[in-house]
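Tertiary structure, described
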Amino acid sequence: MTMINKQWRLKARPVGAPSAETWDYTETKIPTITDGQLLIKVEYISIDPAMRGWLNDAKSYIAPVQVGDVMRAGTVGEVIESKHEKFAVGDYVAGHDGVQSYAVSDGANLYKVDPKLAPLPYYLGVLGMPGMTGYFGLLKTGQPKEGETVVVSGAAGAVGSLVGQIAKIKGCRVVGIAGGAEKCKFLVDELGFDATIDYKNEDVKKALKKTCPDGVDVYFDNVGGDILNDVLTQINLHARIVICGAISQYNNTSEVKGPSNYLSLLVNRARMEGIVVFDNIKEYPIAMKDIAGWIQSGDMKVKDHIVEGIETFPDTLMMLFNGENFGKLVLKVEG
């Protein structure tokens with residue numbers, strides 16, 4: 001029986017939100033591997049906001065996906081054939097092998113994972129790029145101190161939910177900004193946030209004054225736009241603003257909207273700094289050990305949002321920008 005590789009390729013660079021015209025769906029035969037290569041059966045694909053930026057033909061921290069190429073994505077799967085000395089059939093590996101059901105790899109940038117220690121989707125979320133982003137973005141860039149107030153936007157997403165929980169572990173007061181009553185209830189009742197702001201149904205600026213009566217010491221920003229602008233009006237002396245993402249701006253057809261309240265940084269002698277997770281790659285093992293320990297102790301809870309079927313990729317990606325995902329969004333290749 002011939003194995004078929006289902007792939008999603010970039011057909012055209014989108015202006016605004018990706019659409020059906022952005023993608024080409026192809027089915028091809030699996031190529032034969034040569035010495036030094038391995039064949040991976042991809043089981044789960046990570047769906048992340050950063051994917052939208054990878055579609056733009058612009059200078060960034062990583063080269064854009066080229067038209068005609070398989071869409072870049074984090075993946076985890078099983079080695080089903082190997083001519084590589086470091087990987088054996090039956091190994092499970094994580095890497096960036098794209099939106100496809102099978103991947104041929106030379107082993108570069110792959111690392112082995114153990115499905116007995118954690119569910120495979122964890123290696124794309126809490127123990128993968130989002131987990132590392134939250135860990136280093138908060139602890140290294142945000143530098144929270146016990147007793148401080150930490151605000152995080154996109155708080156029910158993969159990165160935000162982790163940031164809030166780490167801040168609680170470090171003894172901070174945590175306020176999460178999320179969309180909808182269900183997500184806000186989950187953050188308080190399940191993850192232990194001290195308070196939430198429902199940006200879909202509340203005036204964020206007014207709610208910040210109520211939920212952060214002593215001001216904001218650390219703001220972890222995943223959304224940009226108006227919410228970043230509102231938080232800047234509430235920051236304390238020497239506050240730290242961590243710029244992780246700006247999902248509210250990614251599909252703009254006009255120029256990105258920057259913060260008009262940036263002079264608050266001057267008045268409060270505050271710092272705004274970006275976080276790119278790959279800068280910390282040498283320290284990933286430290287973060288993974290800490291996060292795994294918190295999960296094992298019960299101090300950290302994990303919520304994954306799994307959608308089945310690689311055929312659903314274009315619609316699944318758009319769930320991020322429509323605020324439909326609840327937790328880390330993962331695509332299971334086979335439905």
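One can find the structure itself at the top, above this paragraph.
I will try to describe carefully the structure that is included in this document. The model shown is predicted, which means the values in this text are computed figures rather than measured ones.

Quick look at the pattern of salt bridges
- One pass over the full model with this rule turns up 11 salt bridges.
- A salt bridge links Lys328 to Asp48; its shortest N-O distance comes to 2.8 Å. Placement of the pair is Lys328 in strand 15 (residues 328–332) and Asp48 in the loop between strand 3 (38–46) and helix 1 (50–53), with a sequence separation of 280 residues.
- Judged by relative accessible area, which is 6%, Asp48 ranks as buried.
- Where Arg271 meets Glu273, a salt bridge forms, and the shortest distance between an N and an O atom there is 2.8 Å.
- For Glu273, a relative accessible area of 36% gives the class partly exposed.

Section: empty space enclosed by the protein
- Tallied over the full model, the rule gives 2 cavities of 30 Å³ or more.
- Quantified by volume, the largest cavity comes out at close to 90 Å³.
- In terms of lining residues, the largest cavity is bounded by 13 residues, among which Val126, Ala158, Ser161, Val302 and Lys303 are the most central.
- Counting residues per element, the lining of the largest cavity draws most heavily on helix 3 (residues 158–169), at 4 residues.
- When the residues that make up the lining of the largest cavity are grouped by side-chain class, the tally is 5 nonpolar, 4 polar and 4 charged.
- In this structure, the second largest cavity spans a volume of roughly 40 Å³.
- Within the lining of the second largest cavity, the residues separate by chemical class into 3 nonpolar, 3 polar and 2 charged.

Reading the values: the criteria
- Residues numbered from 1 in each chain as written.
- Predicted model: local features only at pLDDT ≥ 70, side-chain atom pairs only at ≥ 80, totals over all residues.
- Heavy atoms only, no water.
- Salt bridge = Lys/Arg side-chain N within 4 Å of Asp/Glu carboxyl O.
- Helix = DSSP H or I, 4+ residues; strand = E, 2+ residues; numbered from the N terminus.
- Buried < 20%, exposed > 50% of the residue type's maximum accessible area, 1.4 Å probe, protein only.
- 1 Å grid on protein atoms, 1.4 Å probe; cavity = no way out; pocket = protein on both sides within 12 Å on 5 of 7 lines; lining within 4 Å.
- Points joined across faces, edges and corners; volume = space filled by probe spheres on them.
- Nonpolar A, V, L, I, M, F, W, Y, C, P; charged D, E, K, R; others polar.

Taken by themselves, the reported measurements are silent on function.
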